[in-house]
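Chain residues, written in single-letter form:
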Amino acid sequence: MNKSLIAGVVVGGIAVTALGSIAGYSYLDKEPQFAEVVASKALYQSVSVPAEQCTDQVVQQRRPVQDQNQIAGTVIGAVVGGVLGNQVGGGSGKKIATVAGAAAGGYAGKQVQTDMQNKDVETSTRRVCKTVQKTEKQLIGYDVTYIMDGKVHKTRLDQEPAERVPVVDGKPDFNSSLSAKS
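What counts and how
- Residues numbered from 1 in each chain as written.
- Predicted model: local features only at pLDDT ≥ 70, side-chain atom pairs only at ≥ 80, totals over all residues.
- Heavy atoms only, no water.
- Patch = residues over 30% accessible without salt bridge, like charges linked within 9 Å, V, L, I, M, F, W, Y side chains within 5 Å.
- Areas by Shrake-Rupley, 256 points an atom, 1.4 Å probe, with all protein chains shown as cover.
- Salt bridge = Lys/Arg side-chain N within 4 Å of Asp/Glu carboxyl O.
- Helix = DSSP H or I, 4+ residues; strand = E, 2+ residues; numbered from the N terminus.
- Disulfide = S-S within 2.5 Å.
- Buried < 20%, exposed > 50% of the residue type's maximum accessible area, 1.4 Å probe, protein only.
- Pairing = 2+ DSSP bridges.
- Expected span 1.5 Å × (residues − 1).
- Arc of directions from axis to C-beta.
- Contact = heavy atoms within 4.5 Å.
- pLDDT = per-residue confidence, 0-100.
- Phe/Tyr/Trp six-rings, centres within 6.5 Å; stacked < 30°, edge-to-face > 60°.
- Lys NZ or Arg CZ within 6 Å of the ring centre and 35° of its normal.

Here's the deal with a nonpolar patch on the surface
A cluster of nonpolar side chains, namely Ile 71, Val 75, Val 79 and Val 83, defines an oily patch on the protein surface of about 350 Å² accessible area. The topology assignment puts Ile 71 in helix H2 (residues 71–86).

Following this line, the structure appears as structure tokens:
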């Protein structure tokens with residue numbers, strides 16, 4: 001074989017190997033352009049929040065009384081009792097029966113008027129409100145799992161990331177406009 005041919009093959013082989021090594025090294029040394037998000041789980045916490053709770057209540061109250069001393073009932077009862085007492089007996093017994101009938105009628109009339117006043121009520125509806133504590137779920141962030149450069153990583157974020165996140169200086173840029181969910 002020709003020495004120059006062998007020398008050419010050896011030099012060519014060395015050159016191809018060197019160029020392949022340089023190309024492979026620069027490919028392996030290249031940082032990834034994107035991180036792939038493989039899971040994103042929303043995290044919630046329970047918080048107690050004040051809330052107004054209102055109900056309508058039926059309220060009954062006694063109407064204002066105009067005759068506090070039940071004078072009308074006493075007078076009407078005394079007159080009716082006196083008239084009925086006057087119908088009984090004769091002579092001085094008639095006078096005693098009239099006075100006794102008037103006294104008993106006056107007492108009964110006062111009691112009847114008192115009962116009527118106590119039963120005289122008006123009904124209204126009143127709105128009653130109170131503050132109660134209500135439990136709500138509040139979003140606190142996202143547990144995110146992503147793959148970058150063949151390795152699985154986990155982080156916690158305030159917002160849900162996109163499926164692909166750009167890598168800047170060897171780290172995923174979750175704040176990038178490209179990673180915003182639409």
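A word on the state of the cysteines
Going through the model one piece at a time under the given rule, you end up with one disulfide. The disulfide that involves Cys 54 links it to Cys 129, with 2.0 Å between the sulfurs. The S-S bond linking Cys 54 to Cys 129 shows a torsion near 110°; that makes this disulfide right-handed. Of this pair, Cys 54 sits in strand E1 (residues 34–62) while Cys 129 sits in strand E2 (residues 121–148), placing them 75 residues apart in sequence. With a relative accessible area of 24%, Cys 54 lands in the partly exposed category. Exposure remark for Cys 129: the relative accessible area of 39% places this residue in the partly exposed category.

Quick notes on the pairing of E2
One ladder, built from 26 bridges, connects E1 with E2; its direction is antiparallel. Looking at E2, one finds that Ser 46 is bridged to Lys 137.

Notes on the side chain of Thr 145
Secondary-structure assignment places Thr 145 in strand E2. Residue classification places Thr 145 among the buried positions, given a relative accessible area of 16%.

Let's talk about H2
Helix length check: H2 (16 residues) gives 22 Å between terminal C-alpha atoms against 22 Å at 1.5 Å per residue, within 8%. Among all positions in H2, only Gly 73, Gly 77, Gly 81, Gly 82 and Gly 85 are buried. On an axial view of H2, the arc spanned by its buried residues comes to 155°, and they lie on one face. What points out from H2, more than 90 degrees from its buried face, is the exposed set Ile 76 and Val 79. Looking at the packing, one finds that the buried side of H2 touches helix H3 (92–119).

Some points on the pattern of salt bridges
For the coordinates displayed, the defined rule picks out three salt bridges. One salt bridge connects Arg 164 with Glu 36, and the closest N-O pair in it is separated by 3.8 Å. Linking Arg 164 in strand E4 (residues 164–168) with Glu 36 in strand E1, this pair joins segments that are 128 residues apart in sequence. Residue classification places Glu 36 among the partly exposed positions, given a relative accessible area of 33%. A salt bridge links Asp 143 to Arg 156; the shortest N-O distance between them is 2.9 Å.

Some words on H3
A rise of 1.5 Å per residue sets the reference length of H3, with its 28 residues, at 40 Å; its end C-alpha atoms lie 41 Å apart and thus fit the reference within 8%. Buried within H3 we find Ala 97, Gly 101, Gly 105, Gly 106, Gly 109, Gln 113 and Gln 117. Those residues of H3 hidden inside the fold are in contact with E1 and H2.

Examining the confidence of the model for the protein
When pLDDT is averaged along the protein, the result is 81, and 90% of the positions lie at 70 or above. Mean pLDDT in the protein bottoms out at helix H1 (residues 3–29), which sits at 68, and peaks at strand E3 (residues 151–157), which reaches 93.

Regarding the packing of aromatic side chains
Geometrically, a pair of aromatic rings is defined through the distance of the ring centres and the angle of the planes. Counted under the stated rule, the structure contains one aromatic pair. The ring of Tyr 44 is capped by Lys 137, whose NZ or CZ atom sits 4.8 Å from the centre of that ring. Note that Arg 164 overlies the ring of Phe 34, its terminal NZ or CZ placed 3.9 Å from the centroid.

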